[in-house]
Every structure is written in C-alpha cells, then in structure tokens.
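# What the coordinates show
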Amino acid sequence: MKMTFRWYGEDDPVTLEKIRQIPGMTGIVSAIYDIPVGEAWPLERILKLKETVEASGLELSVIESVPVHEDIKMGCGDRDRYIENYCTTLRNLAKAGIDCVCYNFMPVFDWTRSDLALQLPDGSNALAYKNETVLKMNPLSGELSLPGWDSSYTKEGMKSLLEQYSKITEEDLWDNLKYFLDRVIKVAEEVKIKMAIHPDDPPWSIFGLPRIITSKANIERFLKLYDSKYNGLTLCSGSLGVSPDNDIIDMIHSFCDRIHFAHIRNIKISGDCDFEESAHYTKAGSLDIFGIVHAYQQEGFEGYIRPDHGRMIWGEQGRPGYGLYDRALGAVYINGLWEACERLEEMK
Ligand code: DNO
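My aim in this report is to walk through the structure given alongside it, one point at a time. Note that residues are indexed from 1 along each chain, following the sequence as it is written. Given that the model is predicted, a residue must reach a pLDDT of at least 70 before its local features are reported, and side-chain atom pairs must reach 80 or more before they are shown or counted; all residues, however, enter totals for whole chains, interfaces and linings. Computation of side-chain values: all heavy atoms of the structure, hydrogens and water removed.

## A closer look at the overall build of the chain
- Broken down by element type, the chain carries 12 helices and 12 strands.
- All radius of gyration figures rest on C-alpha atoms, and the globule criterion is 2.2 Å times the number of residues raised to 0.38. Here the C-alpha radius of gyration of the chain, 19 Å, is about what a compact globule of 348 residues would show, namely 20 Å.
- Counting only C-alpha atoms and orienting by the principal axes, one finds that the chain spans roughly 55 × 45 × 40 Å.
- Per-residue accessibility, obtained with a 1.4 Å probe over protein chains only, is compared with the maximum for each type, and a residue is labelled buried under 20%, exposed over 50%, and partly exposed between these values. Each of the 348 residues in the chain was classed as buried or not, and the buried ones make up 56%. Each helix is a run of DSSP H or I of at least 4 residues and each strand a run of E of at least 2, with the numbering of both proceeding from the N terminus.

Spelled out as structure tokens, the structure:
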C-alpha cells in the first residue's frame, strides 16, 4: 500500500511541508478546484499541480475528485459534452502520470453532516450527523455548507436542480451511471487510469434525493455494470460503516481486486442513523480499524490509502474534517498497524 494525505491546494493551511513530515507519508491526494464542474482540465494545470507537489518531496498519487456534472447524473441536457470533457481530463491526467481517479455519483450533495464541530468530552470537536436535525434542514436555506459541496449554485439554481431531481428515481440513477461508465471506462482502460467511485456518505437518501452506492449488494451491482479492473472503488470505511449492515472487512475481502483507494477512518454510531466522527483508534469508535487494516494487508493491497477525516484537536482551526493533527495521528496509526501485521507474518 501507499500512504497518502489529502491536500486542498495552495490555500490549504495544512501545507505540503507539514504533510511531508508525517512519518511514512509518500503521496498527495488533490485536485484542481477552480475549474467549473464539467469543463476539461488543461494539461498545463495538471502539470503545474504535479510540479508543486513534487517540489515538496512527495508524489501526486490520486486525484480526488474529478467531479461529475449533474446533467450526467440526471441523464439530461449536455451530458454527452460533459462526458467528452471528462474523457479529455482523464487523457490529460494520464499524460501527467496519474493512475487513479476518485469520483462520486451522489446527486447534488457530497458528504453531509448536521454538525461541523460537535464538542466532544475530551475537548476536541468533530463532524457529526443527527438524523433528526438533517430531516429538519432545508437544503435551500444555505444554512450548511461543506467542503465537499459545489458552492457555485444560486438559490434559484439549487431550487430548479432539486425540482429536476424530484422526477429521478434510483433506477434512473443506475441507468445514468451505466451510460457514464460505458463511455468513460473505455477511455480509462485505454489510458490506464483506475477509476474509483466513492460511496455515498451517509449511505442513505437525504433530502429525498436518490443514493445508490450504499451497500454490498449495490456495490456488487455497480461492479457488474462494467466489468473491468478500471471500474473500481474508493472503499471509504467511515461512509459505509455508519450503517451497521455494512461489514467493511467482508467488503475488503470480497472486492479487493477492484479497490484502488482506501479511505480509512472510524465513526461512532450514536443512534439510529446518528453518528459522530471519532479518532482512527479502534477503541475510539464503532469500527474495527485494526481488522480493516489487517484485511487489506492480508489481501496484499497495493493501492493507495489515506487517513480520512480527523477531529480538531490541540486547538487547531481549519477546514472541517481536514486539519493536520488528527489526520496525521490517523496515518501513523494505520502505518503502525500495517507494520505490525507484516512483521507478525514474517515472524510466523
Ligand atoms: C469527504 C470525501 C468526499 C470525496 C468525494 C469523492 O471527505 O471523502 O468528499 O472526496 O465524495 O468524489
């Protein structure tokens, strides 16, 4: 496995210089953030990002994400042009030596929480999701904005988007995903980029919008839509793991040859459809992080891993979920578990 860390570009307060000092860190996960969703990424911009990352002694490992335009997810409007642009972006990324791209197929909203800084008893704070609060939230009010969300919508734009989605069923979304994969994975195979879909976070419908990358059965269905190693997964333990029906360790063993990117983090299930994000340490939450790392190690996983969201600790302020300290602790913990699994095997 290759240990990586997400970096949000030049204005990320967590600098490349700091990331580089995390023991065992080899790569950066990043993206170009100022190109409107749907437009092709020019090669020069990609090369510039790569140069910046490499100048710090790290490698540019994964692109997270090349976002998918809503017209593609809804199967309408200019989807063919946006798919063509997506393919151009993949070709340009390949020219720059990128071999793994993360994306998601969640309508309108990426990962969603009701609280960006829930105070925890130890004085740290973390992202949290309370179903009751989310049910009362009005997506048009703009009361919550998360780092993963496209913030370019006006209120009117958002309203009309939600209206259009009200006619789209889960089956429509599956059809539109297949239409996208049929065109994009062909190109990914050609240029040898492993596409890695991110599961829906949380793995259930929110604001009445359909969500489909939510469970083992649905992931099996997804993988069959286009049966190729290049049509793969970002297995995010924290996204899928908030649903007690999702057994992450079983998914690792079942899908390992199609997992290209592992997001590892812990969550604490605090009620029915309620959860708090916790430290990566197994005993801090509901997921068996040791078991997860062990499963990847047993499978001989050679893809990319990144610690996922962290809490805000030691007074750090910054982008919710994406501070330095707790994520760095996560990376070191995962590296430690990995080393222990390997060494124990050697000692057998
Ligand atoms: C959250 C992230 C997601 C992820 C996208 C991938 O922290 O894991 O925002 O980047 O869903 O497209």
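Once you've had a look at it, read on.
## Things to note about the packing of aromatic side chains
- Stacked, tilted and edge-to-face are the three classes applied to pairs of Phe, Tyr and Trp rings, where Trp contributes its six-membered ring and a pair requires centres within 6.5 Å; stacked means planes under 30 degrees apart, edge-to-face means over 60, and tilted covers the rest. Applying the stated criterion to the full structure yields 13 aromatic pairs.
- A centroid spacing of 5.9 Å and a plane angle of 40 degrees characterise the contact between phenylalanine 105 and phenylalanine 180, whose relative ring orientation is tilted. You can see phenylalanine 105 sitting in the loop between β4 (100-104) and β5 (115-119) and its partner phenylalanine 180 sitting in helix α7 (residues 170-191), a full 75 residues away along the chain.
- Residue classification places phenylalanine 105 among the buried positions, given a relative accessible area of 1%.
- One aromatic cluster is present, formed by Tyr8, Tyr33, Trp111 and Tyr322 through successive ring pairs.
- Positioned over the ring face of tyrosine 179 is arginine 79, at 3.4 Å from the centre of the ring.
- Only when the NZ atom of a Lys or the CZ atom of an Arg is both within 6 Å of the ring centre and within 35 degrees of the ring normal do we say a charge sits over the ring. When the ring centre of tyrosine 179 is taken as origin, the NZ or CZ atom of arginine 183, which lies over that ring, is 3.5 Å away.

## Some thoughts on the sheet that holds strand β3 (residues 59-64)
- Spatially, the eight strands close up into a barrel ordered β1-β2-β3-β4-β7-β8-β9-β12, and their pairing is parallel. Each adjacent strand pair in this sheet contributes to an overall mean axis angle of 30 degrees, direction not counted.
- For two strands to be treated as a pair, DSSP must find no fewer than two bridges joining them. As paired elements, strand β1 (residues 2-6) and strand β2 (residues 27-30) share three bridges and run parallel to each other. Looking across to β2, one finds that arginine 6 is bridged to valine 29.
- Across the sheet, α7 lies against β4, β7 (194-198) and β8 (231-236), angled at about 150 degrees from β7, the strand it touches most.
- Those strands touched by helix α10 (residues 248-255) are β8 and β9 (259-264), and its axis lies near 160 degrees from that of β8. Inter-axis angles, ranging from 0 to 180 degrees, are taken between N-to-C directions of lines fitted to C-alpha atoms, where helices are fitted over the stretch in contact. Only heavy atoms matter for contacts: two residues are in contact if any of them lie within 4.5 Å across the pair.

## Comments concerning the site of the ligand
- Residues are counted as near a molecule or strand when any one of their heavy atoms sits within 4 Å of it. Taken together, 14 residues surround the ligand, and among them Glu64, Ser65, Asn104, His309 and Tyr322 come closest.
- Contact distances for the ligand include 3.3 Å between an oxygen atom and a side-chain N or O atom of arginine 6.
- Here a polar contact means two N or O atoms within 3.5 Å. Within protein one must be a hydrogen donor candidate and the other an acceptor candidate, and residues neighboring in sequence count only if both atoms are side-chain atoms. With respect to the ligand, the side chain of asparagine 104 contributes an N or O atom lying 2.9 Å from an oxygen atom.
- The Shrake-Rupley method, run with a 1.4 Å probe, gives the accessible areas here. Residue values count only the displayed protein chains as cover. In isolation the ligand exposes 330 Å². Once the protein is present, 98% of that is buried.

## Here we look at the pattern of salt bridges
- The term salt bridge refers to a pairing of a side-chain nitrogen on Lys or Arg with a carboxyl oxygen on Asp or Glu at a separation within 4 Å. Counted by the stated rule, this structure contains 23 salt bridges.
- With its nearest N and O atoms 3.2 Å apart, the salt bridge here joins glutamate 54 to lysine 50. Placement of both glutamate 54 and lysine 50 in helix α2 (residues 43-55) is noted, with a separation of four residues, approximately one turn of the helix.

## With respect to helix α11 (residues 289-298)
- Most of α11 sits inside the fold, with seven of its 10 residues counted as buried.
- Taken together, the buried positions of α11 are occupied by Ile289, Gly291, Ile292, Val293, Ala295, Tyr296 and Gln297.
- On its buried face, α11 is in contact with β8, α9 (237-240), α10, β9, β10 (266-271) and α12 (325-347).
- Backbone geometry just after α11 places glycine 300 at a positive phi near 70 degrees.

## So, the sheet that holds strand β11 (residues 274-278)
- Strand order in the open sheet formed by four strands is β5-β6-β11-β10, and the pairing between neighbours is antiparallel. Bordering the open sheet on either side are β5 and β10, each of which pairs with just one other strand. Between one strand and the next, the sheet's axes are offset by a mean angle of 35 degrees, whatever the strand orientation.

## Quick look at the side chain of arginine 79
- One can find arginine 79 in helix α4 (residues 79-95).
- Residues scored as charged are limited to Lys and Arg (positive) and Asp and Glu (negative), so that His and the chain ends carry no count. No salt bridge is formed by the buried arginine 79; the nearest opposite charge belongs to aspartate 80, separated by 4.7 Å.
- When residues no more than four places from it in sequence are discounted, the contact partners of arginine 79 are Asp71, Ile72, Asn176 and Tyr179.

## Notes on the nonpolar core
- Residue types Ala, Val, Leu, Ile, Met, Phe, Trp, Tyr and Cys, when buried and joined through side-chain atoms within 4.5 Å, form a set referred to as a nonpolar core. Counting 96 residues, the largest nonpolar core has Leu177, Phe180 and Phe222 as its most contacted members.
- The next biggest cluster of nonpolar side chains, apart from the first, holds seven residues, and it includes Val62, Cys100, Cys102 and Ala196.

## Describing the pairing of strand β12 (residues 304-307)
- Both faces of β12 are covered, namely the face carrying Tyr304 and Arg306 and the face carrying Ile305 and Pro307.
- Where β1 meets β12, two bridges bridge the pair, whose relative direction is parallel. Bridge assignment links methionine 3 to a residue of β12, and that residue is isoleucine 305.

Distances and angles like these do not, on their own, reveal function.
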